[in-house]
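A look at the structure
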Amino acid sequence: SGPALWGAAMVAAALAAVLGGVALRRRTAARRATPGDEAGARARLLEEIAELDLGLRAGEIGEPEWAARRAALKRRLERIPARAPEPAP
C-alpha cells in the first residue's frame with residue numbers, strides 16, 4: 001500500500017499544480033485587460049465563474065472555498081464598467 005499511496009499522492013500533486021497554473025494564467029490575463037476591452041474582461045470573468053461552478057459540481061473544490069472565490073470574481077465583475085450599446089445609425 002506504500003508505493004501505491006505515494007503514486008496517488010504524486011498524481012494528485014501534479015494535477016493540483018496544473019490546475020493552479022491554469023487558474024493563475026486566467027487571473028493574470030483578466031487583470032491585464034486593456035482599457036476599452038470591458039466586454040473581453042467580463043467574458044473572461046464569467047468563464048472563470050462557470051469553471052469554478054463546474055469544479056464544485058465535480059467535487060474538485062469545497063463549498064467554502066467555492067463561495068469565497070466566486071464572491072471575489074463577482075466583485076471584480078461588478079467593478080468593470082458596463083458599456084452602453086452603440087446608437088443605431
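Right, let's walk through the structure included here. Just so we're clear, the structure is a prediction, and the values are computed from it rather than from any experiment.

1. Overview of helix α2 (residues 38–57)
Spanning 20 residues, α2 covers 29 Å between terminal C-alpha atoms, matching the ideal 28 Å at 1.5 Å per step. Of the residues making up α2, those classed as buried are Glu38, Gly40, Ala41, Leu45, Glu48, Ile49, Leu52, Asp53 and Gly55. Among the residues trailing α2, Gly59 stands out with phi positive, at a value near 80 degrees.

2. Notes on helix α3 (residues 63–79)
Here α3 is 17 residues long and its end C-alpha atoms lie 24 Å apart, about the 24 Å a rise of 1.5 Å per residue gives. Looking only at α3, the buried set comprises Trp66, Leu73, Arg76 and Leu77. What you see down the axis of α3 is that its buried residues fit within an arc of 100 degrees, all on one side. Exposed residues pointing more than 90 degrees away from the buried face of α3 are listed as Pro64, Glu78 and Arg79.

3. Concerning the nonpolar core
If you look at the biggest cluster of nonpolar residues, it comprises nine residues: Ala41, Leu45, Ile49, Leu52, Ile61, Trp66, Leu73, Leu77 and Ile80. Examining the composition of this core, we find that four residues originate from one element, α2, more than from any other.

4. Section: the side chain of Asp53
Relative to the helices and strands, Asp53 is located in helix α2. Of the polar contacts made by the side chain of Asp53, one reaches the side chain of Arg70; its length is 2.8 Å. If we ignore the near neighbours within four places in the chain, the residues touching Asp53 are Trp66 and Arg70.

Parameters and conventions
- Residues numbered from 1 in each chain as written.
- Predicted model: local features only at pLDDT ≥ 70, side-chain atom pairs only at ≥ 80, totals over all residues.
- Heavy atoms only, no water.
- Helix = DSSP H or I, 4+ residues; strand = E, 2+ residues; numbered from the N terminus.
- Expected span 1.5 Å × (residues − 1).
- Buried < 20%, exposed > 50% of the residue type's maximum accessible area, 1.4 Å probe, protein only.
- Arc of directions from axis to C-beta.
- Core = buried A, V, L, I, M, F, W, Y, C linked by side-chain atoms within 4.5 Å.
- Polar contact = N/O pair within 3.5 Å; in protein donor to acceptor, adjacent residues only side chain to side chain.
- Contact = heavy atoms within 4.5 Å.

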